[in-house]
Amino acid sequence: MAGIRVRAQRRAAAVIGGALALTAATLATGGGAAQAAGAAACNVTTGPYQRQVEQFLGRPVDGVQSAADCGAIQAFQATHGITPTAGYAGPLTWQTMSTMLAQRAAGKNPNANGTCPTNLGRIACVDLTRQLSWIQDGAALKYGPVPVRTGKAETPTRTGLKKIYYRSIDHWSTIYDVSMPYAQFFDGGIAFHSVTKSMWNPPGSGGCVNMTTADAKAYWSLLGNGEDVFVYGRKPGT
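Residues numbered from 1 in each chain as written. Predicted model: local features only at pLDDT ≥ 70, side-chain atom pairs only at ≥ 80, totals over all residues. Heavy atoms only, no water.

Novice: Before we move on, can you summarise the packing of helix 4 (residues 67-80) against helix 5 (residues 91-106) with the specific residues and values?
Specialist: Between helix 4 and helix 5, the shortest axis-to-axis distance is 11 Å and the interhelical angle comes to 75°. Classed by the angle they form, the pair helix 4 and helix 5 counts as roughly perpendicular. When helix 4 is examined against helix 5, the residues Ile73, Phe76, Gln77 and His80 are found in contact with a partner set consisting of Thr93, Thr96, Met97 and Met100. For the contact of helix 4 with helix 5, the residue count by class is 4 nonpolar, 4 polar and no charged. (Axes fitted to C-alpha atoms, helices over the stretch in contact; angles between N-to-C directions. Helix = DSSP H or I, 4+ residues; strand = E, 2+ residues; numbered from the N terminus. Parallel < 35°, antiparallel > 145°, perpendicular 65-115°, else oblique. Contact = heavy atoms within 4.5 Å. Nonpolar A, V, L, I, M, F, W, Y, C, P; charged D, E, K, R; others polar.)

Novice: Report on the side chain of Gln184, specifying residues and quantitative values.
Specialist: Position of Gln184 relative to the elements: it lies in strand 6 (residues 178-187). For Gln184, a relative accessible area of 0% gives the class buried. Of note is the side chain of Gln184, whose polar atom sits 3.2 Å from the backbone oxygen of Tyr219. In this view, Gln184 contacts Ile164, Tyr166, Arg167, Ile190, Ala191, Phe192, Tyr219, Trp220, Leu223 and Gly224; residues no more than four positions away in its chain are not counted. (Buried < 20%, exposed > 50% of the residue type's maximum accessible area, 1.4 Å probe, protein only. Polar contact = N/O pair within 3.5 Å; in protein donor to acceptor, adjacent residues only side chain to side chain.)

Novice: Give a detailed account of the sheet that holds strand 4 (residues 160-163), specifying residues and quantitative values.
Specialist: What the 5 strands build is an open sheet, ordered 3-2-1-9-4; its pairing is mixed. A strand with exactly one partner marks an edge of an open sheet, and here the two such strands are strand 3 (140-147) and strand 4. Direction aside, neighbouring strands of the sheet carry axes that sit 20° apart on average. Direction of pairing for strand 2 (residues 132-137) relative to strand 3: antiparallel, over a ladder of 5 bridges. Each bridged residue has a counterpart across the sheet, and for Ile135 the counterpart in strand 3 is Tyr143. Where helix 6 (residues 213-222) meets the sheet, its contacts fall on strand 1 (122-127), strand 2 and strand 3, and the angle it forms with strand 3 comes to roughly 150°. (Pairing = 2+ DSSP bridges.)

Novice: Account for the state of the cysteines, with residues named and values stated.
Specialist: Covalently bonding the sulfur atom of one cysteine to the sulfur atom of another cysteine gives a disulfide. The final tally for this structure, using the stated rule, is 2 disulfides. Here Cys42 connects covalently by a disulfide to Cys70, the sulfurs 2.4 Å from one another. Measuring the twist about the S-S bond at about -115°, one finds the Cys42-Cys70 disulfide to be left-handed. Placement of Cys42 in the loop between helix 2 (32-37) and helix 3 (50-56) and of Cys70 in helix 4 is noted, with a sequence separation of 28 residues between them. The partner cysteine of Cys116 in its disulfide is Cys125, sulfur to sulfur 2.0 Å. With the S-S bond torsion at -85°, the cross-link from Cys116 to Cys125 turns out left-handed. On the accessibility criterion, Cys116 (0% relative accessible area) is buried. Note on Cys125: relative accessible area 0%, which makes it buried. The connectivity of the disulfides in the chain is 1-2, 3-4, where the numbers refer to bonded cysteines in sequence order. (Disulfide = S-S within 2.5 Å.)

Novice: Any chance you could break down unusual backbone geometry for me, citing the residues and the numbers?
Specialist: Note that the residue after Gly144, namely Pro145, is joined by a cis bond; omega there is 0°. With respect to the helices and strands, Pro145 occurs in strand 3. Here the residue pair Pro202 and Pro203 is connected by a cis peptide bond, since its omega of 0° sits within 30 degrees of zero. The residue Pro203 is located in the loop between strand 7 (190-194) and strand 8 (209-211) in this model. Of note in the backbone geometry, Gln131 takes a positive phi value of approximately 55° without being a glycine. Along the chain, Gln131 turns up in the loop between strand 1 and strand 2.

In structure tokens, the structure reads:
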């Protein structure tokens, strides 16, 4: 019996050792489940916006996809939830970058063209075209501009002059079954509120104006019921 137990123990040790060796080999080669859980394979095809994307990312601008280009594009896509996350310089990636460039160009004068009313006192402005929002009092900028994430084509953020009518600091959406912290409703079910997603995550929200937690907190402290909200423009891609 003792001999049988010894042989059984040796067989068990061999099985465990083989399993550990297989696991190590799988992890080392990136195979199996480890590979499936990792990043998507890079697309080595040159995209239609290759030069623009290379310039945006500070890559050598030659208009030809390289492994390094692909890795840089893929990292950008992963950060902002752009799928497929394959490193291809396609329309959606360049559209996202173009929006970022427009936001940077706004600087500290987002209402340079005077589209958001300056004769209503304190007002929250939402520019769908540049995916920007800010708070102004007359012509004086009080906060922002900050990037926001507005509604997608199927659930747009409606344009026009609105008023904040309901605020809920720890709101829970019964429609989407998600948390909506610092919610300030100004148009039916549409509100300013914070999210944990990137502000450039496509395709967009269910109509609300998504903000970072810091910006949503600032809006909460600077606005109140009855304050004006002006939404204008058209979101890129809608």
